[in-house]
Amino acid sequence: MNAETIREQVIEHIVQHGQSDIYPMCPEFSWIKHHPEALATVLETHDNANSQGKLGYFREPIRELFRTGGTKYRLGTLLDPVMALQYLEHALLLATKTPSLKSSRAHSYHLAAAEASEIFDPSFNWQSFSTASSERAHAHNYVLCIDLANFYGSFTEEKLCETWRRLSIDPTHRALMVSMLRFLNINTHGLPVGSDGSRLL
C-alpha cells in the first residue's frame, strides 16, 4: 500500500468515523468532507513542513469527557481535524511498514487486508467481541472482568521510541512521529484517547 492510497483511505475513514474525536463543526472538517481541493492545499503545506522534519500549524488538542449513555462517560481527545488525519496517516504508514504490527491482539481493532477499503477489519467490532466473550463466558464457571487503568496514559515517548528502534523504523519517520507526539504532550497525557492513530500505535 503506497502513501497516496493510505492518505485516501485515511480521509475516507475520518469522514466516516472521526467526528467524535476531532474539533466539531470547524472549517477543516468541512474541507475533509466536502472540499477535497481545499484539503489538498492544506495538506500540501503540512507535507512541505514534514519534508523538512517539522510539523505544520495545528490547534491545541482538547481533552474532555464524552457521554456514552446514562451516567457513563469516557475520556476523549478532540484533535484538530488535519492533525487527526495526519496522526492516523503516519501511524498507519508505520503499521504497514512493520510486519509485527499488522496483526493486532485486540479483538476490536485488526488491520484490514491490504486490498480492503477500510483501515480496520469490520468483522472485528464491539458486537463480535460481545458475542465471542459471551460464548467463552458460558463455557466456564467463573469469569474475570478487568479494565486496564489509564492504558493510553501509560505510553511515553521513551517507550515508543525504544520500540521503534527495535523494529528498525525509518529514523526520519520516527523523528516526525516524535514531533507529533510531543505536540500532543505524550509525556504528560499519554496517547490521545479515542484516536484510531493511538489504537494503531
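Above: the structure in question.
Residues numbered from 1 in each chain as written. Predicted model: local features only at pLDDT ≥ 70, side-chain atom pairs only at ≥ 80, totals over all residues. Heavy atoms only, no water.

**A word on the pattern of salt bridges**
By the definition in use, this model includes seven salt bridges. For Arg59, the salt bridge identified is with Asp80, shortest N-O distance 3.9 Å. Of this pair, Arg59 sits in the loop between helix H3 (36-51) and strand S1 (62-69) while Asp80 sits in the loop between strand S2 (72-78) and helix H4 (81-97), placing them 21 residues apart in sequence. A residue is classified by how much of its surface remains accessible, and Arg59, at 26% relative accessible area, is partly exposed. Note on Asp80: relative accessible area 3%, which makes it buried. Notably, a salt bridge pairs Asp196 with Arg199, separated by 2.4 Å at the nearest N-O pair. (Salt bridge = Lys/Arg side-chain N within 4 Å of Asp/Glu carboxyl O. Helix = DSSP H or I, 4+ residues; strand = E, 2+ residues; numbered from the N terminus. Buried < 20%, exposed > 50% of the residue type's maximum accessible area, 1.4 Å probe, protein only.)

**Here we look at the pairing of S2**
The pairing of S1 with S2 spans seven bridges and is classified as antiparallel. Following the sheet pairing, Leu65 is matched in S2 by Leu75. Between S1 and S2, which follow one another and run antiparallel, lie two residues, and Gly70 among them has a positive phi close to 60°. (Pairing = 2+ DSSP bridges.)

**What about unusual backbone geometry?**
A positive phi angle is found at Ser168, which is not glycine, with a value near 60°. Counting through the fold element by element, Ser168 comes out in the loop between helix H6 (157-166) and helix H7 (171-183). In this structure, Asn185 is a non-glycine residue whose phi angle is positive, near 55°. The topology assignment puts Asn185 in the loop between H7 and helix H8 (186-189).

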